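Listed below, chain by chain, are the residues.
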Amino acid sequence: MSTDVVTRLASVSDDGSKVAAAVALRADVFAMTQAAHDAALKPTDTGGLTHAERAALATRIAKLNRCDELAAHYSELLASYDADEDALAIADPAFDGDAWSRINAVLTFTDLVAANPKATQPDDVASLQAAGVSDADIVRLAELNAFLAYQIRLLAGLKLMRGAA
């Protein structure tokens, strides 16, 4: 069985079950999902979002979506970076960025996209730009949010298939 994050967290094992068979049929999808995980969380070029900040944002998004397994996974990843207090604070959905206008803008955008993506408006991107977030980092942030939305739903689907949700 694959060692990708999603099937591991969904407790899919190579036990001959229908879920295991379905995952095996789509092994390429799960491999690409893991590659997307690594690209979103551990890219070579981090731009203005460090590895620790990415892990903290992923933890926050998972918590906002009540996905405890992914929140724990990303918390472990965050801990592996020896993150400073600022990065650790980002992982807490109650933290709003205080006076750090850049972080506040990033967290406001992340929380909105994670909790209510339909409510996003062009002004939300303009707020990021006004806070000094580069266009490339806005794209990186959107990619991270989009990947987490996909990963959370994929994990939920596998758990439903297993009858464990």
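Please read these numbers as outputs of a predicted model, since none were measured by experiment.

1. A short note on the pattern of salt bridges
One pass over the full model with this rule turns up four salt bridges. We note a salt bridge from Asp111 to Arg60, for which the minimum N-O separation is 2.6 Å. Here Asp111 is found in helix 7 (residues 101–115), whereas its partner Arg60 is found in helix 4 (residues 51–64), with 51 residues between them in sequence. What makes Arg60 buried here is its relative accessible area of 1%. Salt bridges sharing common partners tie together Asp45, Asp137 and Arg140.

2. Looking at helix 7
Over its 15 residues, helix 7 extends 21 Å from the first C-alpha to the last, a length consistent with the 21 Å expected when each residue adds 1.5 Å. Looking only at helix 7, the buried set comprises Ile103, Ala105, Val106, Leu107, Phe109, Thr110 and Ala114. Contacts from the buried residues of helix 7 go to helix 4, helix 6 (85–90), helix 8 (122–130) and helix 9 (135–162).

3. Some words on unusual backbone geometry
At Arg66, a residue that is not glycine, the phi angle is positive and equals roughly 55°. Position of Arg66 relative to the elements: it lies in the loop between helix 4 and helix 5 (68–80). A positive phi angle is found at Asp82, which is not glycine, with a value near 50°. Of note, Asp82 is situated in the loop between helix 5 and helix 6. When its relative accessible area of 72% is taken as the criterion, Asp82 is described as exposed.

Criteria and thresholds
- Residues numbered from 1 in each chain as written.
- Predicted model: local features only at pLDDT ≥ 70, side-chain atom pairs only at ≥ 80, totals over all residues.
- Heavy atoms only, no water.
- Salt bridge = Lys/Arg side-chain N within 4 Å of Asp/Glu carboxyl O.
- Helix = DSSP H or I, 4+ residues; strand = E, 2+ residues; numbered from the N terminus.
- Buried < 20%, exposed > 50% of the residue type's maximum accessible area, 1.4 Å probe, protein only.
- Expected span 1.5 Å × (residues − 1).
- Contact = heavy atoms within 4.5 Å.

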